[in-house]
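# A closer look at the structure
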Amino acid sequence: MKVFVIVVLFIFYNFIHLNAYTLVSTQNQEAIDFVSSVFGITTTSPCDQLICKPISPNSKEYCVDSIIIPKQSTKIIISNDLTVFKNLTVLSLGENIIINDQFFNKLNQFNFLISINIFSYSGNFSNLIELPKSLKTINFNYLGSLLPNSIFKSDITSLIIENSLNGYSLNGTMISINSKLIVLGLPISLVENSLPNNLENLKNLKYFTLYIDNSESIKYSLPDFSSLKSTAVESLVFRFKTQSLPSQTWILPQFINTIKTLNNFEIYSNGFTINSTIGFLDLSNLKNNLNLNFENGGLNFISDCKQKPCIKVPYNTQLISFNNDFNFNSLDLSNYLNIFIENNNFQQFLPIDTIDFENIESLEIINSKVVGTIPDQYCFIKNLNLKNNQLNSTVPSCYLCIGGKLSDNLLPNPFINFDLNTKPSCPSFSIGNNYYNVSSKGDNLTIGGNDFGWDLQTLDGPQLIITIPNKEIIVSIPPGEVGTSHSYKTTFYDGSFSFLFNYTYVYRDEIHHSSDSNDNSNDESNELSFVNKLSFIKIHRWSMDTLDISKYNRTERIFPNLIGIIAHQLWKIICHKLFNTDESKPEPKFEQKVIETELLNLIETEKFVTLKKIKHDEAILKNTNQDLHKYKFNKAWQTPAAPNPLPI
């Protein structure tokens, strides 16, 4: 037995050492000493605590790649000379980990360093500090040092400082012409309430965040940052420290409406009021598809509103509201494409008069004090979520058609005619006239109906697409031979209902009695409208319940739809060359603008979903570095990966 135990221990010992990393000789002892001084661990395998990588491809020797130390219960001072780890790419130090000044004085010796993330630093930066060209991101949770000019002369793309300590200063900090910095977040407090001069020199700035301490009893003024309108900034975020009863509030700057490049505006916590002489917040001059995000009292400023709507917005705005108590009637929701509201404790009915039901893509009002009934028009909303409210009346007939088990987007709620055990019943199901005369050159048809649901299944033939749930279906009929008839079956509610779609090809003149050029123009306009709806219908049907967008491949989402738009336009040109008999009708053109417009709309919809994920990460995972998340996400759209094969 003893021999067996010895053999097992010998095999285990050799297995451990066989799989252990062999650090390059110039780093091994220093790494062992570093692990001992920081973690209090005596080891011959420092890569168990540090992140190591091969020093070159196929090499058996390793080097220290990343030093990541989480929050510690007691203060630890790093006095080791880290320059020995010349291959270091990431340095991340949590709370109670203190780095000495020597690290920053020798920063230019780290030629592979990409990211620095330090919880707290109050040392001294030399104004001549030289940053390596490899360094791209610097994050401080707390900083108590003078910020040197040289940082803004470097190649970093992201600089975030969330809180200021005594000693933090921007005194005299000047920004020379800089086209590298994309993300900038700075603290505003009684310690330092100014910003670097010449913000307009940040020529490629996209994401700007101010972390504002409004808990101070001594009042101070916000700095003038109106020069942002001279930059290309796309995202403006205000994060206030105090949520409920701030010691100080400020008037919302009016110049925001003049930042032509802005497409994302966020306020976290209570810190703003509305200018009393204006009485509302005007954002209507900003770009379409604006993203608005108000959390934890960030929407409290509308309590000062004197003119409705309290916020004027551009077309297809996306709204996220979390932990804000406000009256829906304070907003005109007709220009909103996606709406997400959670934890609104203002008791009220669902909004109806201000919603454009033919344009809105998603409406989610959850965990709020919403009472009464669900209006019938809510059947037309593609993505609806009303969970965990106090709706105490009836649901519309479209939801009776699918029953309680499939209506998890409405339950729980204390309805009087609907619960989890409600069985499907759909006497109101109907489809419009199912016989059509179709031009032999093809046609786009619109079919009306009632309570046919949100999904359908076309077994064969032309694909029917739901453009307005429970109300409208469109179908594109290809060219065909005059006199031939076709009949195809479409099912609804997993086969519970079916629709027999019939049509017969006839000459165009039997349908269109006028050959006026205006009619041709209208045909093209209708065709283009159909292409837009057909190509992007799947995008608008994505579930907004999904918080983890990592489950989806962005290239699978975007490229099939993009290819669909291009292919459809090329198909129109091909059909014109092959089948056109009317010489007076011009050849269709390749509409590049359509592709660009629809692609931008797709990206904006994805951004809305991403904002929900970031909100979830902050609430559940306590991850507050959202500016970097958004930068990485948007950068991915600028340089997308090669598309995966089209899903079948």
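Everything numeric in this text was worked out from a predicted model, so none of it was measured.

### A word on the sheet that holds strand β30 (residues 472-477)
The strand order across the open sheet built from four strands is β25-β27-β30-β29, with neighbouring strands paired in antiparallel fashion. Each edge of the sheet is formed by a strand with only one pairing partner; in this case those strands are β25 (430-431) and β29 (464-468). Across two bridges, the pairing between β25 and strand β27 (residues 443-450) is antiparallel. Bridged to Ser430 within β27 is Asn450.

### Focus: the pattern of salt bridges
All chains considered together, the criterion is met by eight salt bridges. Lys106 is paired through a salt bridge with Asp81; the nearest N and O atoms lie 3.6 Å apart. With Lys106 in the loop between α3 (101-105) and β7 (115-121) and Asp81 in the loop between β4 (76-78) and β5 (90-93), the pair connects residues that are 25 residues apart, well separated along the chain. As a salt-bridge pair, Lys133 and Asp155 come within 3.6 Å of each other at their nearest N and O atoms. With Lys133 in the loop between β7 and β8 (137-143) and Asp155 in the loop between β8 and β9 (158-164), the pair connects residues that are 22 residues apart, well separated along the chain.

### Overview of the environment of Asn383
Relative to the elements of secondary structure, Asn383 occurs in strand β24 (residues 383-385). Looking at Asn383, the relative accessible area reads 10%, which means it is buried. Residues Asn383 and Asn409 lie 26 residues apart in sequence; the distance between their C-alpha atoms is 9.0 Å.

### Some remarks on the state of the cysteines
Under the criterion given, the structure shown has four disulfides. Shown here is the disulfide that connects Cys379 with Cys398, its sulfur atoms set 1.9 Å apart. Disulfide Cys379 to Cys398: torsion about the S-S bond roughly -85°, handedness left-handed. Pair noted here: Cys379 is in the loop between β23 (370-371) and β24 and Cys398 is in helix α4 (residues 397-400), with a separation of 19 residues, a long-range link. With respect to class, Cys379 is no different from Cys398; both count as buried.

### Overview of the packing of aromatic side chains
Counted according to the given criterion, the structure contains 31 aromatic pairs. One aromatic cluster is present, formed by Tyr220, Phe225, Phe238, Phe240, Trp250, Phe255, Phe265, Phe272, Phe294 and Phe301 through successive ring pairs. Seen from the ring of Tyr268, Arg239 lies directly overhead, with NZ or CZ sitting 3.8 Å from the centre. Here the guanidinium or amino end of Lys471 rests over the ring plane of Phe380, the centre of that ring lying 5.0 Å away.

### A look at the environment of Lys471
Checked against the element boundaries, Lys471 lands in the loop between β29 and β30. According to the relative accessible area criterion, Lys471 is partly exposed, its value standing at 31%. Between the C-alpha atoms of Lys471 and Gly449, which are 22 residues apart in sequence, the distance is 5.1 Å. Excluding residues that lie within four positions of it along the chain, Lys471 makes contacts with Glu358, Phe380, Ile447, Gly448, Gly449 and Phe452. Within the structure, the side chain of Lys471 is placed 3.4 Å from the side chain of Glu358, a separation counted as a polar contact.

### Describing the confidence of the model for the protein chain
Averaged over all residues, the pLDDT of the protein chain is 81; the fraction at 70 or higher stands at 74%. Counting contacts from residues 509-560, a segment whose pLDDT is below 50, to residues more than four positions away or on other chains yields 93 contacts. Note on residues 635-648: pLDDT is under 50 here. Beyond four places in sequence and across chains, it has 17 contacts.

Criteria and cut-off values
- Residues numbered from 1 in each chain as written.
- Predicted model: local features only at pLDDT ≥ 70, side-chain atom pairs only at ≥ 80, totals over all residues.
- Heavy atoms only, no water.
- Pairing = 2+ DSSP bridges.
- Helix = DSSP H or I, 4+ residues; strand = E, 2+ residues; numbered from the N terminus.
- Salt bridge = Lys/Arg side-chain N within 4 Å of Asp/Glu carboxyl O.
- Buried < 20%, exposed > 50% of the residue type's maximum accessible area, 1.4 Å probe, protein only.
- Disulfide = S-S within 2.5 Å.
- Phe/Tyr/Trp six-rings, centres within 6.5 Å; stacked < 30°, edge-to-face > 60°.
- Lys NZ or Arg CZ within 6 Å of the ring centre and 35° of its normal.
- Contact = heavy atoms within 4.5 Å.
- Polar contact = N/O pair within 3.5 Å; in protein donor to acceptor, adjacent residues only side chain to side chain.
- pLDDT = per-residue confidence, 0-100.

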